[in-house]
Amino acid sequence: MAASRKRILKEYGECMNDTPSGMKINFDEQNITEWEILMDGPDQSLYAGGHFKLRLTFPTEYPFKPPVVSFKTKIYHPNVSNDDKGSMCLGMLRPEAWKPPNKVISVLHLIQTLLIEPNPDDSIEPTIANEYKDNRKEFEKTAKDWVKRYAK
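Keep in mind it's a predicted model, so treat the numbers as computed, not measured.

Procedures and definitions
- Residues numbered from 1 in each chain as written.
- Predicted model: local features only at pLDDT ≥ 70, side-chain atom pairs only at ≥ 80, totals over all residues.
- Heavy atoms only, no water.
- UniProt positions renumbered as here; feature names shortened; annotations may be inferred.
- Helix = DSSP H or I, 4+ residues; strand = E, 2+ residues; numbered from the N terminus.
- Expected span 1.5 Å × (residues − 1).
- Buried < 20%, exposed > 50% of the residue type's maximum accessible area, 1.4 Å probe, protein only.
- Arc of directions from axis to C-beta.
- Contact = heavy atoms within 4.5 Å.
- Pairing = 2+ DSSP bridges.
- pLDDT = per-residue confidence, 0-100.
- Axes fitted to C-alpha atoms, helices over the stretch in contact; angles between N-to-C directions.
- Salt bridge = Lys/Arg side-chain N within 4 Å of Asp/Glu carboxyl O.
- Phe/Tyr/Trp six-rings, centres within 6.5 Å; stacked < 30°, edge-to-face > 60°.
- Lys NZ or Arg CZ within 6 Å of the ring centre and 35° of its normal.

Asks: Describe the UniProt feature "domain: UBC core" (unreviewed entry) in the protein chain, with residues and values.
Replies: UniProt feature "domain: UBC core" (unreviewed entry): in the numbering of this structure it lies at residues 3-152. Along residues 3-152 one finds 35% helix and 18% strand; the C-alpha atoms at either end are 39 Å apart.

Okay, structure coming up:
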């Protein structure tokens, strides 16, 4: 765990030096394996104007196992589970895709990119993904409604 702790602190420093625009990272010094991320919806996305809380949790085997990212704020998105867990489907966070050189800063940038451009072909919510592909207007309306309802 000592090596893991050292790596997490190093990455926190890197994130502080290059925090993605519209994000703030907090963690309790007693529990550095759980970060709270406050993120503004990217300007060029349907989620603009929304404020989202995410949790990033590092496993004890980090960096050999990927961190887990979950949305604590409800969001209407094909790549985020529509339940109280808010699990996120992000390719690089799959155990088989994660590599120890991967960095949290890349994960944070990828989350923002996914809000700008959802990936319906790698969805965790197939119904929302189908709506995104087949009825974009309705998807956009619902996503914006959820921002107003849950992310203000």
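Still more ground to cover, so stick around.
Asks: Go over helix 1 (residues 2-17), please, and point to the residues and values.
Replies: With 16 residues, helix 1 extends 23 Å from end C-alpha to end C-alpha; this agrees with the ideal 22 Å at 1.5 Å per step. Among the residues of helix 1, Ser-4, Arg-7, Ile-8, Glu-11 and Cys-15 are the ones counted as buried. Down the axis, helix 1 shows its buried residues gathered within 100° of arc, on one side only. Pointing more than 90 degrees away from the buried face of helix 1 are the exposed residues Ala-2, Lys-6 and Asn-17. On its buried face, helix 1 sits against strand 1 (23-28), strand 2 (31-40) and helix 2 (104-116).

Asks: Tell me about the pairing of strand 2, residues and numbers included.
Replies: When strand 1 meets strand 2, the two strands line up antiparallel, connected through six bridges. Across the sheet, residue Asp-28 finds its bridge partner in strand 2, namely Asn-31. Counted along the chain from strand 1 to the antiparallel partner strand 2, the turn is two residues long. By the bridge criterion, seven bridges tie strand 2 to strand 3 (residues 51-57) in an arrangement that is antiparallel. Each bridged residue has a counterpart across the sheet, and for Met-39 the counterpart in strand 3 is Phe-52.

Asks: Could you give an account of the confidence of the model for the protein chain, with specific residues and numbers?
Replies: With 99% of its residues at a pLDDT of 70 or more, the protein chain has an overall mean of 94. No element of the protein chain has a lower mean pLDDT than helix 1, at 91, and none a higher one than helix 4 (residues 136-150), at 98.

Asks: Give a detailed account of helix 2, specifying residues and quantitative values.
Replies: A rise of 1.5 Å per residue sets the reference length of helix 2, with its 13 residues, at 18 Å; its end C-alpha atoms lie 19 Å apart and thus fit the reference within 8%. For helix 2, every residue scored as buried is listed here: Val-104, Ile-105, Val-107, Leu-108, Ile-111, Gln-112, Leu-114 and Leu-115. Residues of helix 2 that are buried make contact with helix 1, strand 1, strand 2, strand 3 and strand 4 (68-71).

Asks: Could you give me a rundown of the sheet that holds strand 3, with the residues and numbers involved?
Replies: Strand order across the open sheet formed by four strands is 1-2-3-4, with antiparallel pairing between neighbours. Either end of the sheet is taken by a strand with one partner, and the two such strands are strand 1 and strand 4. The mean angle between the axes of side-by-side strands here comes to 25°, regardless of whether they run parallel or antiparallel. Against the sheet, helix 1 touches strand 1 and strand 2, its axis set at about 20° to strand 2.

Asks: Tell me about the pattern of salt bridges, residues and numbers included.
Replies: Within this structure, the stated rule accounts for eight salt bridges. Linking Glu-36 and Lys-53 is a salt bridge whose minimum nitrogen-to-oxygen distance equals 3.5 Å. Placement of the pair is Glu-36 in strand 2 and Lys-53 in strand 3, with a sequence separation of 17 residues. Taking relative accessible area as the criterion, Glu-36 reaches 28% and is therefore assigned partly exposed. The partly exposed category is assigned to Lys-53, whose relative accessible area is 35%. Taken together, the salt bridges that share partners define one network made up of Lys-10, Glu-14 and Lys-103.

Asks: I'd like a description of the packing of aromatic side chains, backed by residues and values.
Replies: Here the structure, examined in full by the defined rule, presents 12 aromatic pairs. Considering the side-chain rings of Tyr-12 and Trp-35, the 5.6 Å spacing of their centres and the 80° angle between planes classify their relative orientation as edge-to-face. One end of the pair, Tyr-12, is in helix 1; the other, Trp-35, is in strand 2, and 23 residues separate them in sequence. Three or more aromatic residues joined by ring pairs form one cluster here, namely Tyr-12, Phe-27, Trp-35, Phe-58, Tyr-62 and Trp-98. Taking NZ or CZ as reference, Lys-74 lies 5.6 Å from the ring centre of Tyr-150, over its face.

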